There are 6 protein chains.
Amino acid sequence: MPYVNIKITREGATPEQKKQLIAGATRLLQEVLGKNPQTTFVIIEEVDTDNWGIAGETVTERRKKGM
Amino acid sequence: MPYVNIKITREGATPEQKKQLIAGATRLLQEVLGKNPQTTFVIIEEVDTDNWGIAGETVTERRKKGM
Amino acid sequence: MPYVNIKITREGATPEQKKQLIAGATRLLQEVLGKNPQTTFVIIEEVDTDNWGIAGETVTERRKKGM
Amino acid sequence: MPYVNIKITREGATPEQKKQLIAGATRLLQEVLGKNPQTTFVIIEEVDTDNWGIAGETVTERRKKGM
Amino acid sequence: MPYVNIKITREGATPEQKKQLIAGATRLLQEVLGKNPQTTFVIIEEVDTDNWGIAGETVTERRKKGM
Amino acid sequence: MPYVNIKITREGATPEQKKQLIAGATRLLQEVLGKNPQTTFVIIEEVDTDNWGIAGETVTERRKKGM
């Protein structure tokens, strides 16, 4: 009964891509550890680029620099 | 000083229901472990049904099937 | 299909108390929001008192002061 | 490669303040533990005052009382 | 720069299996969303079966029943 | 009433360093957002290097390569 939490920046992930993340993560847990998909949870959290920092600066700032 | 994080799908929980969750979780920690309510945090996070997966599919898909 | 994460300091919670927390949190979600217990997850995390801070000091320090 | 998650109530933190939190947390990990800023993540989550509870009541209720 | 947190029960996952989870989750984010593996974090947390509840009971209890 | 969660690899952080992280994070929230230290929580989680992945490999592997 695994729990998977995926945090990504909010930059336009589509419902179709989210389905793929959920299906893929569920399959991964089944293949590697034999976990039952019926009790596998996957939660995707989208975080504003102002609220995500790496290397001491926001992703908003990094995007402006083309990073 | 417990910390309780409750994640639910965003499907219309009302402010009154949230109050009940917060009061109930705080009381539970007090009754079971004697924790001081003054320093008990409860944070409710509501997650879009597109972003929550179980059994390899999104809750959006499950709701369409009447699950 | 709620997910509840309870963090407490590691100070001797017994298996019986953990059962009560799990049963109580599951019941709370069912009573307040009608959530199905079969797909309610509760995860308890116990944190060393050296690793938990409140008011700028560790719980280890606070316990020494009788707090 | 630390990961820092900061949860605050959604009460008007500005982009500039978020930058300061991200820069400050990254610097703290570098100064105390020598962690490389290039692989330090800081994620800020803003939580509605209806969804944050302390002492058994929501922050919304506490704000009304002037707390 | 995604962050993936995988929680599983502590029931003997090997270092090799953990490597597969980390490699697989990183590849998934790259394939579905084009995320850069260099800044993808995956953190696996193993939770004692006494501390994980589903359907209102601990996994310890469920394992005794052969579930 | 902020909540700060710091995850680091388990590689020998001392109680003194943890105190500094807790005091520093609490001060940061006070200075940037005027948050009350009395209700600021900081929780440090130490993660085994086998359980932390970056760039698709475990920190254990990276340490062997001198990274």
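Residues numbered from 1 in each chain as written. Chains lettered and ligands numbered in written order. Predicted model: local features only at pLDDT ≥ 70, side-chain atom pairs only at ≥ 80, totals over all residues. Heavy atoms only, no water.

If you check an unreviewed UniProt entry, chain A appears there as Tautomerase from Symbiobacterium thermophilum. Database annotation for chain A, UniProt heading Sequence similarities (unreviewed entry): "Belongs to the 4-oxalocrotonate tautomerase family." (UniProt positions renumbered as here; feature names shortened; annotations may be inferred.)

Draft legend 1. Here's a closer look at the sheet that holds strand β3 (residues 52–54) of chain C. Strand order in this open sheet of eight strands is β4(A)-β3(A)-β2(D)-β1(D)-β1(F)-β2(F)-β3(C)-β4(C), and the pairing throughout is mixed. What marks the edges here is a single partner per strand, and that holds for β4 (57–58) of chain A together with β4 (57–58) of chain C. Its contacts with the sheet place helix α1 (residues 15–33) of chain D against β3 (52–54) and β4 of chain A, β1 (3–9) and β2 (41–47) of chain D together with β1 (3–9) of chain F, and it is angled at close to 140 degrees to β2(D). Across the sheet, helix α1 (residues 15–33) of chain F lies against β3 and β4 of chain C, β1 of chain D together with β1 and β2 (41–47) of chain F, angled at about 140 degrees from β2(F), the strand it touches most. (Pairing = 2+ DSSP bridges. Helix = DSSP H or I, 4+ residues; strand = E, 2+ residues; numbered from the N terminus. Contact = heavy atoms within 4.5 Å. Axes fitted to C-alpha atoms, helices over the stretch in contact; angles between N-to-C directions.)

Draft legend 2. The arrangement of the pattern of salt bridges in detail. This structure, assessed with the given rule, holds 48 salt bridges over all chains. Measuring nitrogen to oxygen at the nearest pair gives 3.6 Å for the salt bridge that ties E57(A) to R62(A). The two residues E57(A) and R62(A) agree in class, both being buried. Across the pair D48(F) and R10(F) runs a salt bridge, and its minimum N-O distance is 2.9 Å. Here D48(F), found in the loop between β2 and β3 (52–54), pairs with R10(F), found in the loop between β1 and α1; they are 38 residues apart in sequence, far enough to count as distant. (Salt bridge = Lys/Arg side-chain N within 4 Å of Asp/Glu carboxyl O. Buried < 20%, exposed > 50% of the residue type's maximum accessible area, 1.4 Å probe, protein only.)

Draft legend 3. Up close: the UniProt feature "domain: 4-oxalocrotonate tautomerase-like" (unreviewed entry) in chain A. Cross-referencing UniProt, the feature "domain: 4-oxalocrotonate tautomerase-like" (unreviewed entry) maps to residues 2–61 of chain A in the present numbering. As a span, residues 2–61 of chain A carries 37% helix and 32% strand, and end to end its C-alpha atoms are 35 Å apart.

Draft legend 4. Up close: the interface of chain E and chain A. Between chain E and chain A, the contact holds 26 residues from the first and 26 residues from the second. Regarding the contact of chain E and chain A, the summed buried area is about 2200 Å², with carbon and sulfur atoms giving 74% of it. The tally of links from chain E across to chain A stands at zero salt bridges. Across the contact surface, chain E and chain A share seven residue pairs in polar contact (both at pLDDT 80 or more). Counting residues per element, the side of chain E that touches chain A draws most heavily on helix α1 (residues 15–33) of chain E, at nine residues. Broken down by class, the residue content of the side of chain E that touches chain A amounts to 16 nonpolar, six polar and four charged. Sheet analysis places strand β1 (residues 3–9) of chain A next to strand β1 (residues 3–9) of chain E, joined by five bridges and oriented antiparallel. Across the sheet, Y3(A) pairs through a bridge with K7(E), a residue of β1(E). (Buried area = accessible area lost by both parts, 1.4 Å probe. Polar contact = N/O pair within 3.5 Å; in protein donor to acceptor, adjacent residues only side chain to side chain. Nonpolar A, V, L, I, M, F, W, Y, C, P; charged D, E, K, R; others polar.)

Draft legend 5. Fine view of the sheet that holds β1(A). Pairing is mixed in the open sheet, where eight strands are placed in the order β4(B)-β3(B)-β2(A)-β1(A)-β1(E)-β2(E)-β3(F)-β4(F). The sheet is open, and its two edges are formed by β4 (57–58) of chain B together with β4 (57–58) of chain F, each paired on a single side. As defined by bridge partners, strand β2 (residues 41–47) of chain A adjoins strand β3 (residues 52–54) of chain B across three bridges and the pair is classed as antiparallel. By the bridge assignment, V42(A) is partnered in β3(B) with G53(B). Along the sheet, helix α1 (residues 15–33) of chain A makes contact with β1 and β2 of chain A, β3 and β4 of chain B together with β1 of chain E, crossing β2(A) at roughly 140 degrees. The sheet strands contacting α1(E) are β1 of chain A, β1 and β2 (41–47) of chain E together with β3 and β4 of chain F, and the helix crosses β2(E) at an angle near 140 degrees.

Draft legend 6. Examining the pairing of β2(E) more closely. Residues and elements named next belong to chain E. Counted residue by residue, β2 has seven buried out of seven residues, so it is predominantly covered. The two faces of β2 match: F41, I43, E45 and V47 on one face and V42, I44 and E46 on the other face are all buried. Bridging between β1 and β2 involves seven bridges; their strand directions are parallel. Across the sheet, V4 pairs through a bridge with V42, a residue of β2. For the crossover that starts at β1, traverses α1 and ends in the parallel β2, the hand is right-handed. (Right-handed = clockwise from strand over helix to strand, strands pointing away.)

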